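# Summary of the model geometry
Residues per chain are reported as follows:
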Amino acid sequence: NAARVYCQAAACLESSPQKNQRMLAEAERYRAEALRLLARAIELCPEGDRPKFWNDFVCKDSSLDLIRRTRSFATLGGRISAGRASMGSRQEGTEK
C-alpha cells in the first residue's frame with residue numbers, strides 16, 4: 001500500500017496547476033520510492049507467491065500506473081516472470 005501512496009502523491013504533484021521544478025523533482029523522488037517499496041514488498045512475498053501477487057495485485061492496480069511506464073517496473077516484472085524477483089544491490093532509475 002505504501003507504494004500506491006507514493007505514486008498517488010507523485011501524480012498529485014505532477015498534475016498541480018502550480019507545479020514547478022521543485023515539485024517535479026519531489027515527484028521523481030516519490031516515484032523512485034514507490035518502486036523501491038514495491039520491490040521490497042515482492043521480496044518479502046514467499047518466492048512461489050510472487051507471480052500471483054504481481055499478476056493479481058500489481059498489474060491490476062491503477063494507482064501504480066505512474067510507475068508502470070518505467071524501465072525499472074518492466075525490469076521487476078521480467079525478473080518475477082523469470083523467477084528472480086530481487087532488485088539486487090543495484091537500484092535502477094525511474095526513467096520513462
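Presented here is an overview of the structure given in this document. From a predicted model like this one, the values you see are computed outputs, not experimental measurements. (Residues numbered from 1 in each chain as written. Predicted model: local features only at pLDDT ≥ 70, side-chain atom pairs only at ≥ 80, totals over all residues. Heavy atoms only, no water.)

### Let's talk about helix α5 (residues 71-81)
So the rule is basically this: Note on classification: 1.4 Å probe, protein chains only; a residue is buried when its accessible area is under 20% of the maximum for its type, exposed when over 50%, partly exposed between these limits. Only DSSP runs of H or I covering at least 4 residues are called helices, and only runs of E covering at least 2 are called strands; the numbering of each starts at the N terminus. Relevant arc is that of directions from the helix axis to the C-beta atoms, nothing else. Any two residues whose heavy atoms approach within 4.5 Å are treated as being in contact.
Where α5 is concerned, the buried positions are Ser-72, Phe-73, Leu-76, Gly-77, Arg-79 and Ile-80. All buried residues of α5 project into a common sector of 160 degrees when viewed along the axis, lining one side. Those residues of α5 that are exposed and aimed more than 90 degrees away from the buried face are Arg-71, Ala-74 and Ser-81. Where the residues of α5 are buried, they touch α2 (21-44), α3 (50-58) and α4 (65-68). Once α5 ends, the next one or two residues include Gly-83, with phi positive near 80 degrees.

### Digging into the packing of α2 against α5
Keep this limit in mind: For helices, the fitted axis covers only the stretch in contact; all axes are lines through C-alpha atoms, and the angles between them, taken along N-to-C directions, range from 0 to 180 degrees. Between 65 and 115 degrees an angle is taken as roughly perpendicular, under 35 as roughly parallel, over 145 as roughly antiparallel, and anywhere else as oblique. All amino acids are sorted into three groups, where Ala, Val, Leu, Ile, Met, Phe, Trp, Tyr, Cys and Pro are nonpolar, Asp, Glu, Lys and Arg are charged, and the leftover types, Gly among them, are polar.
Interhelical geometry of α2 versus α5 gives an angle of 10 degrees and a closest axis separation of 11 Å. Taken together, the axes of α2 and α5 lie roughly parallel to each other. Here Leu-35, Leu-38, Ala-39 and Ile-42 of α2 lie close against α5, whose contacting residues are Ser-72, Phe-73, Leu-76 and Ile-80. Residue composition of the contact of α2 with α5, grouped by class: seven nonpolar, one polar and no charged.

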